[in-house]
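# A structural walkthrough
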Amino acid sequence: MRIVGLALLLLGLACLRPTAGLGQAPEKPVGPEDDADKPLPNFRRPADEAELRRWLQNMAWHHRFSVPEMTAATGLSSEKITAALERFEIRPDNRPRRPADGPLMVLPYPGGRHPRIGFLEGAIRPQRETKFSAFLPWDKAGYVVVDVPEAIWLANATGRELLYLAHTHIPTMWDRKGVELEKLEWQRTDDGLLTIERQLPNRVKFGAKVTPGKEAIRMELWLTNGTDKTLRGLAVQNCVMLKGAPGFAQTTNENKEDHPPYSTCRSAQRDRWIITAWEPCQRVWANSDCPCMHSDPKFPDCPPGETRRLRGWLSFYEGQDIEAEIARIESTGWRK
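Below or above, wherever it landed, is the structure these notes cover. (Residues numbered from 1 in each chain as written. Predicted model: local features only at pLDDT ≥ 70, side-chain atom pairs only at ≥ 80, totals over all residues. Heavy atoms only, no water.)

### Concerning the sheet that holds strand 7 (residues 204-212)
- Pairing is antiparallel across the open sheet formed by eight strands, whose spatial order is 5-6-7-8-15-12-11-10. The open sheet has two free edges, formed respectively by strand 5 (187-188) and strand 10 (256-259), since each of these has just one partner strand.
- Pairing of strand 12 (residues 272-279) with strand 15 (residues 307-318) involves eight bridges; the strand directions are antiparallel. Across the sheet, Trp273 pairs through a bridge with Tyr317, a residue of strand 15.
- Lying over the sheet, helix 6 (residues 322-331) contacts strand 10, strand 11 (262-266), strand 12 and strand 15, oriented at roughly 140° with respect to strand 11. (Pairing = 2+ DSSP bridges. Helix = DSSP H or I, 4+ residues; strand = E, 2+ residues; numbered from the N terminus. Contact = heavy atoms within 4.5 Å. Axes fitted to C-alpha atoms, helices over the stretch in contact; angles between N-to-C directions.)

### Observations regarding the packing of aromatic side chains
- This structure, assessed with the given rule, holds nine aromatic pairs.
- Geometrically, the ring pair formed by Tyr109 and Tyr143 is tilted, given 6.4 Å between the ring centres and 40° between the ring planes. Of this pair, Tyr109 sits in the loop between strand 1 (106-108) and strand 2 (131-135) while Tyr143 sits in strand 3 (residues 143-156), and the two are 34 residues apart along the sequence. For the pair formed by Tyr109 and Tyr143, the shared burial category is buried.
- When the ring of Tyr262 is compared with that of Trp334, the centres are 6.2 Å apart and the planes differ by 65°; the resulting orientation is edge-to-face. (Phe/Tyr/Trp six-rings, centres within 6.5 Å; stacked < 30°, edge-to-face > 60°. Buried < 20%, exposed > 50% of the residue type's maximum accessible area, 1.4 Å probe, protein only.)

Here it is, written out as structure tokens:
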């Protein structure tokens, strides 16, 4: 994993601010990896026909990717992508309809299209295993990309360091040791639930669960300490990126309102809202350049052998009384 240079490290973290602050044999990678002037490829090649079909359905039907974006996500040529779309009969005119009375739709984010508009230098080679898309109930093509987690910080003797980061920006503790983490994928059940877990080299394990419902998407992050020391300062960043959400993707924070632990973003008419929260929350903030919104939590200190959990919420509201909607959300008891 490449570090972009010392100058980039001095830019500040922005969307990583301190929380105190597939059918053919594999092809060769796209682009020469030994050319320092060109970026490393950042695709995930499908392992087989079934996996290729699933990802093409995801990209073409739901995320409405172009063929070049599907190529960027899979590493397959545009000719092979086009042939596979025809072979699997994946077309805009046979896109499945979303049930009106069904749960909100969530899907693994395929990569290939950067989920940010700006501050791209702060999210180089974003990895898709932490990212899922939550589709807007009022716009079948609109979605937000949720990074859960984007980052996990860990306190150490001199301050703190990154235990995990879902893209390249500043070095993690594993980058400093020359350790490359395994690429993972979300596991998706028939009812739409998403789960993932990662075992780190130091025997710390963490994972996420995303459960879509009719009124909200409930999220959980957990971390298990497999070391012999208590883990402290486990600050987390969970990012909701708005690039794919029409009406919410302006590069400004003027459309954001903080109601801790809730971070909200409103439409220009103030009649539609995106709402997210995590518990326990340590900080609510937004980045106008991405643009994105955050309700960032912190794991309690975690002794050896123990597990700590965080709860998260994401919902969409049509109306103008955001305070009343937040009160209604609170009444669900989701934080308990």
